[in-house]
Each structure stands twice: as structure tokens, then as C-alpha cells.
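# Geometric and topological summary
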Amino acid sequence: MATIGIFDSGSGGLSVLREIRKILPEQRYIYFSDNAHCPYGEKSAQYITDRCRAITDMMLSEGASAVVVACNTATAAAIATLRSEYALPFVGMEPAVKPAATGTRSGVVGVLATAGTLKAPKYLNIKGQYADAVRIAERVGKGFVELVEAMELDGPHAEAVVRASLQPLLDEGADTIVLGCTHYPFLLPLMQRIAPEGVTFINPAPAVARRLKDVLQGSGIPLTDPHPGVELRSSGSDTTLKKLFTLI
Ligand code: DGL
């Protein structure tokens, strides 16, 4: 039997859980939304790491065999420390610059992420590997996390907030946009209406799900549990978490 812990600063990580359950439907999951401390994007690496330790300790106490850090900001800030301090496998997130650089036809890749992700050495290293091959235009998805946490996924206000960060990337000629935050896939329908035909959006969640399966198999951790299902937990109100879970 196995339990997989999955956490994010809020409900955004459900976009990763959605893809994981497509390929590992008979597994037991505990999803934790740290929404009482959300957003992480402007917080210090130390603050985020302390939160990740507390969440990992909780997951271990619940019998987790592996943990998915379903948060680009937390992965960038804390996953190396977590891996050095805990014996169980961690699977993290990173902006999908590589597939975007491969797929772009205009030669311009747009990256939407949080400030914490964009300034982290982990991302800067990835960016540096492709900066010669393509032009990378970046924007913080300002207000995107707050929209999703408020379940405001459409409407004039949400469109104005999303357009304010997305349009500059489109204006720079980006034809491939990386969703570098796990909250952002929930705003994808809105982004697709804003973007012209031919613009591709890349959500790394399916690749993360495949990576988790590989890690479990490589670690001898079962892919199923006799009591499959999802337990939702949160540090703050669980209203958004429960509502968003019905959408995945
Ligand atoms: N879902 C988190 C990510 O992928 C958002 C972090 C935040 O709370 O700002 O970065």
C-alpha cells in the first residue's frame, strides 16, 4: 500500500493532482493546500522552506511514501533542502522551458510564473540553457494566484488581470507560453480566448505525473492502494479547495 502526499501554497496543485490521477487512479492521496500562508511567490526562500518542512512532517505522520511539491515556487526554494533532510522521494515542478524552446516557431517563448520562481537559481539555470536558442520573455502572473484562490476563473475583472500579464508576452511575439505556476492552468480557458490562433500553452503537469510514476516504480513503491482516494487538507478555509476539486 502507498500514500502520496501532494501540496501547494493553495489549490493550484490540484492541476497536478488531476494529471496524476489520470495515470495512477488507484492510489491514495493526501492533498494539502497551505492557503493560510498563500501566496508564496513574494515570500523568502527560508519562509517557504520552513513551510515545506512542516508540511512534509505532517505527510510523514500520515504515512506518505512520496511527496509531490506541486508548486514551482516551493520547488525552486526548497526541494534541494527537503531532499537532503528527508529519506522519502520528492517530485517537484519546473517551468517547461525545454519543450517550449523546442516547439516555438516564432523563436519567442513566453514564461508566466511567480516572482519567486523567476528569480530562483533553479529557473535561471534552465533559462540559461536555452537563451541562445530562443528569446525568452517573462512576466509574473500578477494577481493570478489570488484569482484562482478566490475561484474567480472568468469574467471582466479576471480577464483584465490575466490580459495585463499575458498581452506583453504576446506583443513580444511569443507563440508558446509556459504556465510556470500550478494555479495558472485553471485560467487557461481565459488565456486561450485572449491569445490569437496558433499560440500554444504548455502545462507541465502531465510530465510531472509521468515522472511520479517513474519515481514510484524506481523506488519499489506500489502504484495502487487498497483504499484509493483523495483526502483534502488545508491550513486555512477549505472552501476553494473543495469547489476546485469538483472541477478536476
Ligand atoms: N502554485 C504556486 C506555484 O506553482 C503558486 C505560488 C504562490 O503561492 O505564489 O508557484
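Nothing here was measured: the structure is a model prediction, and the numbers come from that model.

Attention now moves to the packing of aromatic side chains. Under the defined criterion, the tally for this structure stands at two aromatic pairs. Geometrically, the ring pair formed by Y86 and F90 is edge-to-face, given 6.1 Å between the ring centres and 70° between the ring planes. Of the two residues, Y86 and F90, both sit in the buried class. Look at F144 and Y184: their rings are 4.9 Å apart centre to centre, the planes differ by 65°, and that puts the pair in the edge-to-face class. With F144 in helix α7 (residues 144-149) and Y184 in the loop between β7 (176-179) and α9 (188-194), this pair connects stretches of sequence that are 40 residues apart. When sorted by exposure, F144 lands in the same class as Y184, which is buried.

With that settled, the discussion passes to the site of the ligand. Around the ligand sit 14 residues in total, of which S9, Y40, T73, T182 and H183 are the nearest. One of the side-chain N or O atoms of S9 is found 2.6 Å from an oxygen atom in the ligand. Measuring from a nitrogen atom of the ligand, one finds a side-chain N or O atom of T182 at 2.7 Å. Contact with the protein chains removes 99% of the 300 Å² of surface that the ligand exposes when unbound. Of all the cavities here, the one that holds the ligand is the largest cavity. A per-class count over the shell around the ligand returns six nonpolar, seven polar and one charged.

Here the focus is the side chain of T56. Residue placement: T56 occurs in helix α2 (residues 45-61). Since its relative accessible area comes to 0%, T56 is described here as buried. If near-sequence neighbours (up to four positions away) are discounted, T56 is found in contact with F7, L82, Y86, L88 and F90.

Below, the discussion takes up empty space enclosed by the protein. Across all of its chains, the model carries one cavity of 30 Å³ or more by this definition. Taken as a whole, the largest cavity holds about 80 Å³ of empty space. As for the largest cavity, its lining consists of 13 residues, of which S9, C71, T73, T114 and C181 are closest to the centre. Along the lines of polarity and charge, the residues of the lining of the largest cavity split into five nonpolar, seven polar and one charged.

Core analysis: the biggest nonpolar cluster contains 52 residues, and V68 and M191 have the highest contact counts within it. With residues up to four places along the chain from it excluded, the contact list for M191 reads L112, F144, V162, L166, L179, Y184 and F201. Membership of the second largest hydrophobic core comes to 20 residues, among which are C52, M58, V69 and L88.

For the rest of this paragraph, the subject is the pairing of strand β3 (residues 66-69). What you see with β3 is no split at all: A66 and V68 on one side and V67 and V69 on the other are buried throughout. The pairing of strand β1 (residues 3-8) with β3 spans four bridges and is parallel. Looking at the pairing, I6 lines up with V68 of β3. Alignment of β3 against strand β4 (residues 90-91), held across two bridges, turns out to be parallel. When the bridges of β4 are listed, V67 appears paired with F90.

Cut-offs applied
Residues numbered from 1 in each chain as written. Predicted model: local features only at pLDDT ≥ 70, side-chain atom pairs only at ≥ 80, totals over all residues. Heavy atoms only, no water. Phe/Tyr/Trp six-rings, centres within 6.5 Å; stacked < 30°, edge-to-face > 60°. Buried < 20%, exposed > 50% of the residue type's maximum accessible area, 1.4 Å probe, protein only. Helix = DSSP H or I, 4+ residues; strand = E, 2+ residues; numbered from the N terminus. Near = heavy atom within 4 Å. Polar contact = N/O pair within 3.5 Å; in protein donor to acceptor, adjacent residues only side chain to side chain. Areas by Shrake-Rupley, 256 points an atom, 1.4 Å probe, with all protein chains shown as cover. 1 Å grid on protein atoms, 1.4 Å probe; cavity = no way out; pocket = protein on both sides within 12 Å on 5 of 7 lines; lining within 4 Å. Sits in = over half its atoms within 2 Å of the grid points. Nonpolar A, V, L, I, M, F, W, Y, C, P; charged D, E, K, R; others polar. Contact = heavy atoms within 4.5 Å. Points joined across faces, edges and corners; volume = space filled by probe spheres on them. Core = buried A, V, L, I, M, F, W, Y, C linked by side-chain atoms within 4.5 Å. Pairing = 2+ DSSP bridges.

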